[in-house]
Amino acid sequence: MQRLILLVSVFCLLAGSALAQTNDLLITEYVEGSGNNKALEIYNGTEDLINLGSYSIERYSNGSLTPVSIPLDAVDLQAGETWVIVNPLAEAALLALADQTDGNINFNGDDALVLAFAGSQVVDSFGRVGEDPGDYWSCAGGTTQNHTLRRLSSICEGDTVIDDEFDPCLEYSFFASDVFTGLGHHIADCGAVGNNNPTWGILKASFR
Ligand SMILES: [Ca+2]
Ligand SMILES: [Ca+2]
Ligand SMILES: [Ca+2]
């Protein structure tokens, strides 16, 4: 009986720790506000510290197939933490939330963004590379221009298909222009992630 209780306790512990996991970094907030109020939030929902030095944002403007690369600072991002990159000409209230500034954070609604590892390995994406949607992508919730878009907490894996149809309502909630209140924090509710994570493997093995 004690052994069963122990097993159940271990199960709860392991299952609990798996809840917060994403498989890699995610884009969790997109700010396309007034003037130069542009920002992106990157979230480490894994259980490991990640050095951002191998990651970059690749910006594909207006349907272009040639990106402009925005390297992330080579700093360690703790599990559960976010990294906010802001246009250096943004207003003070937004700049105050920046972990990094870069003048190439200057998308204006119709530009696709890819979070890449080692330059070419796709980790996540926003928009549809190769498509000029006009002024913005849109869905019932709003558009990718003059809005803040926040990734749904149910999203646990990046969008690694960069050139398929982009429906922002599937993975984002919409806020008014110049809403900055969500920057600097994110929670992913990822109970379903774990089929290939080590914790789940140990758990399965223990029940064989
Ligand atoms: Ca553009
Ligand atoms: Ca896609
Ligand atoms: Ca956020």
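The following refers to the structure shown.

What counts and how
- Residues numbered from 1 in each chain as written.
- Chains lettered and ligands numbered in written order.
- Predicted model: local features only at pLDDT ≥ 70, side-chain atom pairs only at ≥ 80, totals over all residues.
- Heavy atoms only, no water.
- Core = buried A, V, L, I, M, F, W, Y, C linked by side-chain atoms within 4.5 Å.
- Buried < 20%, exposed > 50% of the residue type's maximum accessible area, 1.4 Å probe, protein only.
- Helix = DSSP H or I, 4+ residues; strand = E, 2+ residues; numbered from the N terminus.
- Contact = heavy atoms within 4.5 Å.
- Donors = N, O, S within 2.8 Å, 3.2 Å for Na, K, Ca; no water.

Quick word on the nonpolar core
Note that soluble globular proteins tend to have their nonpolar side chains buried in a common cluster. Core analysis: the largest hydrophobic core is formed by 32 residues, its most contacted members being L25, L40, I42, I57, L115 and F126. Contributing elements (two or more residues each) for this core: strand 1 (25–32), strand 2 (38–44), strand 4 (55–60), strand 7 (82–86), strand 9 (112–117), strand 10 (121–126) and strand 14 (172–175). The element contributing the most residues to this core is strand 9, with 5 residues. In contact with L115, not counting residues within four places along its chain, are L25, L26, I27, I42, Y55, S56, I57, L72, Q121, V122, V123 and D124. Judged by nonpolar contacts, the second largest core, of 8 residues, contains A39, A90, L94 and L183.

Brief notes about the coordination of the calcium ion (ligand 1)
All of the protein donors around the calcium ion (ligand 1) are N62 (OD1), N108 (OD1), D110 (OD), D111 (OD) and D111 (OD); their distances to the metal are 2.2 to 2.6 Å. Coordination of the calcium ion (ligand 1) draws on donor residues from a single chain, spaced N-x45-N-x1-D-D in sequence. Residue N108 is classed as partly exposed on the basis of its relative accessible area, which comes to 36%.

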